[in-house]
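# What the coordinates show
Okay, here's what each chain looks like letter by letter:
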Amino acid sequence: MLPWGYIGRRVAQTALVLVGITLVVFWVVRLSGDPVLLMLPADASQQDIARLREALGFDQPMYVQLQRFVERVARGDFGNSLRFQEPALPLVLERVPSTALLALTALSISTLVAIPLGVLSAARRGSAWDHAAMFAALLGQSMPIFWTGIMLITIFSVALDIFPSSGTGTLRHLVLPAAALGVFSTGRVTRLVRGGMLEALGQDYVRTARAKGLAERRVVYRHALRNSLLPVITIVGLELGSTLGGAVVTEMVFAWPGVGRLIVSAIFARDYPLVQAAVFVVATMFVLVNLVVDIVYAIADPRVRYA
Amino acid sequence: MRNASMIVRLIVLFLAAVPAATAWRPAPAAAAGNTLTVAFSTDIVTLDPHQNTDLNTMQVLLQIYEHLVALGRDGKFHPVLAESWEVVDDRTWKFKLRHGIKFHNGEDFTADAVKFTLDRLADTKDQMRSGPSFRQNIAETVVQDPYTMLIKTKAPYPDLLALLHLSGAIIPPAYFQSVGKERFAREPNGTGPYRFVSWRRDVQVTLQANDRYRGGKPAFAEFVYRPIPEASTRVAALVKGEIDLAADIPAERVKELESGRNTRVVSRAGQQIYIGLDTIKVEPLRDRRVRQALNHAVDVDAIVRDVLGGQAIRLSGPMFPGMIGYDPTIKPYAYDPDRAKRLLTDAGYAGGFNVTLDVPVGYQGAMKLKDVGETVASYLSKVGVNVKLNLIEPAAATERYQAKQFQMYFYAWGGDIVSGRILEILLYSKTRGYYYQSPEADAAIAAYQSAMNPKRREELGRAALRFLHDDAPFIFLYQEKATIGLAKSLAWDPVLSDQRLRSMEFRSQ
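Thresholds applied
- Residues numbered from 1 in each chain as written.
- Chains lettered and ligands numbered in written order.
- Predicted model: local features only at pLDDT ≥ 70, side-chain atom pairs only at ≥ 80, totals over all residues.
- Heavy atoms only, no water.
- pLDDT = per-residue confidence, 0-100.
- Helix = DSSP H or I, 4+ residues; strand = E, 2+ residues; numbered from the N terminus.
- Contact = heavy atoms within 4.5 Å.
- Core = buried A, V, L, I, M, F, W, Y, C linked by side-chain atoms within 4.5 Å.
- Buried < 20%, exposed > 50% of the residue type's maximum accessible area, 1.4 Å probe, protein only.
- Salt bridge = Lys/Arg side-chain N within 4 Å of Asp/Glu carboxyl O.
- Phe/Tyr/Trp six-rings, centres within 6.5 Å; stacked < 30°, edge-to-face > 60°.
- Lys NZ or Arg CZ within 6 Å of the ring centre and 35° of its normal.
- Axes fitted to C-alpha atoms, helices over the stretch in contact; angles between N-to-C directions.
- Parallel < 35°, antiparallel > 145°, perpendicular 65-115°, else oblique.
- Left-handed = near helix turned anticlockwise from the far one by under 90°.
- Nonpolar A, V, L, I, M, F, W, Y, C, P; charged D, E, K, R; others polar.

### What to know about the confidence of the model for chain B
Residues and elements named next belong to chain B.
- In this model, chain B carries a mean pLDDT of 89, and residues with pLDDT of at least 70 account for 93%.
- The secondary structure element of chain B with the lowest average pLDDT is helix H1 (residues 2-23), at 47, and the one with the highest is strand S5 (residues 92-97), at 97.
- Every residue in residues 13-32 scores below 50 in pLDDT, and together they form 21 contacts with partners more than four places removed in sequence or on other chains.
- Our summary of model confidence lists the complex with pTM equal to 0.85 and ipTM equal to 0.82.

As structure tokens, this is what we get:
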């Protein structure tokens, strides 16, 4: 039996959030400046400027522009990109796979590195291992992605010639940007795993496990790690947000053809329709994931429905 | 319970990424060796040459399309698709066209193509983005026979050749009409040395040599354009040999590339940077002596040397070296703070005054505007002029510029550094006149812009530059050098003097 009432409420909330985001973006990009002047060459006359403004509907009052915008968006049409003179939404959608691939690879790398590193540090607390790992974690968190990216290119691409410096096309192109993007969250997750492990290792059940003569290895991995992983999973989920944010910088440094790079160039060009479409797509991705999660979760745990 | 929710969240995300990952396919590797790969900071914007106002986009379009004429390094216009031309009368030009040229799809190049192109650019309904000057100046185009063409202008228009060189890419009428403008913008078709293959946005544009090119077979089988936004990454890709040419090398990386084992650096004429002065509303700046004082107060040579690492050429006025009538004997204002103070005293501003300087950081990729602005402000403070720096975002600057809200402002003029349009647009009161209106300047510019006799035009250009130098509507600064990094294995013999690249100028060495 599905909790239909709850699902209905959540879907309605989600739709409301998307409408809200779309309207806010509509308003904010219009505050940011006039795109028409950026689209014409220097020799454009006042008439040229006025004519283009009229052709694009920017001479209309804000509420008329908003009305037209809402009517179009309701039909799934975000208008043509001012800069590329093509429909905006497909321009954004074709970038989504690239950004998703980059972000998820980065998150996977950071999780795969952080968990063993954190466990090791906690298990050998105070050792040189521990200090080295914590120093590395601190470093990872302190380095801006921009700088990490340039360093990775300098070392692994230019000096050692292992990976291409930028671009896309093969799996080898993915390694450096994903690593640069993953470094930051690796630091945070490592520290968290270590903290969780230290707490778990001080618990009674660990002492009991040791007392009954279990191998230390088994104590650490079977008993302590499993109990300390739950908060880690929470954090990894939250990291996805900051990873998508960091993807903007990473995509610029590594010339990766993702949504972030598209948004940056669209903002600089005051390409209203493209900014609107891009923000809408990114927001939808987040909101839909949350919606699906909440629904599945409500099915799994009835208490949530009444919360 | 929050944790369990996160697990589900992650699973959903990974599932969502599966189709994403499978949709992602590696592009075929470029044929090694015989490819010319160039990298610029931004992706191209469109493949319709008449809808383009972007210099980087031009670098691709110029390999696919050709114009009637091209301006050479010698400052003369050379025939390209035109064979010859003559001025019939003040408002009529006659062009003889080359025979036997075909577009990439096999369509013949004739006067119909020229007429179709120019009519499209001059059309007031369609409003091509690179069309303003065509709309303002071209009255009529007449096909006399398949290889003879008349272009009639509304008024005497000596800059017609410059306009054709800059924006008049010739397109094939039959092809355009059969595919329509949307597909034409995706699948361009010109007469140039390379034909279009593919464009993957923000990844690369791939072109293939046109073996039937009239100028001979191109030296490279393939031409690849890659957008790499970050300058350090472009430099890394060049050092590593992934690309053969990297545009916009930052001044601080020039030495390293110059001394590199596989790299070298060349510089090209770039955009002009000046500080505009509101000579209409700001009381002190209405006085010519004050404007001259500001020019004397700033040590531009030191700025070029110390702030820009020598990557610029100092200018004496609003004209570029190479423009018709540019006069090298007119020297830039000497750095002379004492003289500046005397001029200020004469004008009644012995105690100085306060003024705001707007700095659009990063405007048109201009180098180090913030540093230059700070240096200018400190020079001006030494003669008593207190400058408040106002850093603004470039797009906002364009708007405020037009709304006449600036007192002093940085401005950049690039792209067209050959015709007289810089004077006509920036300093002729009837075009903009936002911050400067002078009957004498108007007369000088109008005369220069309508003189059909080249010798006379030369004289009038010198006169205009002399007047504008003395009247000082700007603090004249410098012309940037556009710095380009090259692989040593690449020989480059540039035909043009500006930043536009022609693939035929390159070969391996």
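### Re the nonpolar core
Residues and elements named next belong to chain B.
- With 85 residues, the main nonpolar core has Leu380, Met408, Leu426 and Tyr478 as its most contacted residues.
- Residues contacting Leu426, with those up to four places away along its chain left out, are Tyr274, Tyr401, Tyr411, Trp413, Arg421, Arg432 and Phe474.
- Within the second largest apolar cluster, 34 residues are counted, among which are Ile171, Tyr175, Tyr194 and Val205.

### Some remarks on the pattern of salt bridges
- Under the defined criterion, the tally for this structure stands at 32 salt bridges over all chains.
- One salt bridge connects Arg289(B) with Asp287(B), and the closest N-O pair in it is separated by 3.0 Å.
- Taking relative accessible area as the criterion, Arg289(B) reaches 35% and is therefore assigned partly exposed.
- Asp287(B) sits in the buried class, given a relative accessible area of 19%.
- A network of salt bridges, in which partner residues are shared, links Glu86(A), Glu94(A) and Arg201(B).

### Side note on the environment of Ala88(A)
Residues and elements named next belong to chain A.
- Within the element layout of this structure, Ala88 appears in helix H5 (residues 88-93).
- The class for Ala88 is buried, based on a relative accessible area of 0%.
- Spatially, the C-alpha atom of Ala88 lies 46 Å from that of Gly196, the residues being 108 residues apart in sequence.
- The contacts of Ala88, once residues within four sequence positions are left out, are Phe78, Gly79, Asn80, Ser81, Pro273, Leu274 and Ala277.

### Focus: unusual backbone geometry
- Despite not being glycine, Asp161(A) has its phi angle at roughly 55°, a positive value.
- Structurally, Asp161(A) is set in the loop between helix H8 (145-159) and helix H9 (171-201).
- Overall, the relative accessible area of 51% leaves Asp161(A) in the exposed class.
- Of note, Lys404(B) is a non-glycine position whose phi angle comes to about 60°, a positive value.
- Here Lys404(B) shows up in the loop between helix H13 (394-402) and strand S16 (408-413).

### Notes on the side chain of Arg120(B)
Residues and elements named next belong to chain B.
- Within the secondary structure layout, Arg120 lies in helix H3 (residues 111-122).
- Among the residues examined, Arg120 registers a relative accessible area of 6% and is labelled buried.
- Every residue in contact with Arg120, bar those within four places of it in the chain, is listed here: Asp48, His50, Met128, Ile171, Phe176, Lys181 and Phe184.

### Notes on the packing of aromatic side chains
Residues and elements named next belong to chain B.
- Under the counting rule described, the total for this entry stands at 30 aromatic pairs over all chains.
- Each member of the aromatic cluster is reached from another via a ring pair, and the members are Tyr274, Tyr333, Tyr363, Tyr401, Phe406, Tyr409, Tyr411, Tyr434, Tyr435, Phe474 and Phe476.
- A cation over an aromatic ring shows up here: Arg201 above the ring of Trp199, its NZ or CZ 4.4 Å from the ring centre.

### Some thoughts on the packing of H8(A) against H9(A)
Residues and elements named next belong to chain A.
- The interhelical angle for the contact between H8 and H9, taken along N-to-C directions, is 140°, at an axis separation of 9 Å. In this view, H8 runs oblique relative to H9, as classed from their interaxial angle. Of the two elements, H8 crosses H9, and the hand of that crossing is right-handed. Where H8 abuts H9, its residues Ile145, Thr148, Gly149, Leu152, Ile153, Phe156 and Ser157 lie against Leu176, Ala179, Ala180, Leu181 and Val183.
- Residues belonging to the contact of H8 with H9 are distributed by class as follows: nine nonpolar, three polar and no charged.

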